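# Breakdown of the fold
One letter stands for each residue in the lines below.
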Amino acid sequence: MKKFIVLLLTLLLSALPALGEAEQTQVPVASGAVAGEAPAWDDTIQQAAGDPIPGGEQDPDDPDATLPPVPSVVMELVESQKPLTGVKIGIDPGHQAKGNNQKETVAPNSKKTKPKVSSGTAGVKTRIPEYKTTLEISLKLRDALVERGAEVYMTRETHDVNISNQERAKMMNALGVDLVLRIHCDGADNRSKHGIAVYCSKSNAIAAESYRACEAILPAVCEATGAKNNGIVSNDNYTGQNWSTVPCLMVECGFASNPEEDVLLNTEDYQWKLAEGLTQGIVDYIAARDGRSNGE
Ligand SMILES: [Zn+2]
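What you are looking at is a predicted structure, and each value in this text was computed from that prediction instead of being measured.

### A few points about the environment of Gly281
Topologically, Gly281 is positioned in helix α10 (residues 268-290). In contact with Gly281, other than residues within four places in its own chain, are Ala216, Ile217, Ala220 and Val221.

Have a look at this one:
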């Protein structure tokens, strides 16, 4: 402050001779000198008052505000450390708004046929059709997988499509995904039946790898949801699995025929539990397949 007063006096004194003329010429000598030279004492005053350091990058009151941006090379490293980076996952939300009863062969080397897409079940209590529930679960699963770094492909993201089960399998084969999850809801005459089961093919080329995926995914999704574990079923009854040339499994997420489970299956909270549990199972499967970390 002393320095300031001294300098101010110096300035005033130096301006004095001009003051007499100032009345005539109106030349603002003093202010011109200050603005033009940005003298050193200007800095001193501002520092003493706790103002930002002129020309500095930091604000001492809010250090976070001026942190430099994270270099892109670091961001790339963070991305590459995600458990599903470089992994392609296919999701097939079961059914569609309108079933298609035209027939297609159930397996590449079979003459047996089944409807292209059945209309699916519906909640015994909510009356919500299966195709809606499966898409809601699938979209959450997609988001959870993307969050872990996966590249996700969906057979459908709307209800108004007409894609047969064989076509859905061929879509995923062409994309060369690492794994396909077919998302469905179960139905049974016995209304007390509840819980989750997973299905895979028994005798095609990807049967063994699909079974390994089932072994990782089923316990993870049962743990996340608290649902009853109804086991792994391998058979050759399903067109979508039989035509798959990439590891593929069907998840029966719960029984739409059970009133309590029907309600659960159609709540946001339970759908997220399913999505997170399935995602953890996929992380576990890929970790075991590739010797990666699954975050444990
Ligand atoms: Zn279904």
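### Description of the pairing of strand β5 (residues 179-186)
Of all 8 residues making up β5, 8 are buried, and the element is well covered by its neighbours. The side-chain alternation of β5 yields two buried faces, one formed by Leu179, Leu181, Ile183 and Cys185 and the other by Val180, Arg182, His184 and Asp186. Looking at chain direction, strand β1 (residues 88-93) and β5 are connected through 5 bridges and run parallel. Across the sheet, Ile89 pairs through a bridge with Leu179, a residue of β5. Taken together, the 6 bridges between β5 and strand β8 (residues 248-255) define a ladder with parallel strand orientation. Bridge pairing in β8 links His184 to Glu252.

### Some remarks on the sheet that holds β5
The pairing of strands in a sheet comes from backbone hydrogen bonds and takes either a parallel or an antiparallel form. Taken together, 6 strands build an open sheet; the order of strands is β4-β1-β5-β8-β6-β7 and the sheet is mixed. The open sheet has two edge strands with one neighbour each: β4 (151-154) and β7 (229-234). Strand-to-strand twist in this sheet, taken as the mean axis angle between neighbours without regard to direction, amounts to 20°. With 3 bridges joining them, strand β6 (residues 196-200) and β8 adopt antiparallel strand pairing. By the bridge assignment, Val198 is partnered in β8 with Val251. Sitting on the sheet, helix α6 (residues 165-175) is in contact with β1, β4 and β5, with an inclination near 170° to β1. Where helix α7 (residues 207-225) meets the sheet, it contacts β5, β6, β7 and β8, and its direction lies at approximately 170° from that of β6.

Rules used in this analysis
Residues numbered from 1 in each chain as written. Predicted model: local features only at pLDDT ≥ 70, side-chain atom pairs only at ≥ 80, totals over all residues. Helix = DSSP H or I, 4+ residues; strand = E, 2+ residues; numbered from the N terminus. Contact = placed C-beta atoms within 7 Å. Buried ≥ 20, exposed ≤ 12 C-beta atoms within 10 Å, placed from the backbone. Pairing = 2+ DSSP bridges. Axes fitted to C-alpha atoms, helices over the stretch in contact; angles between N-to-C directions.

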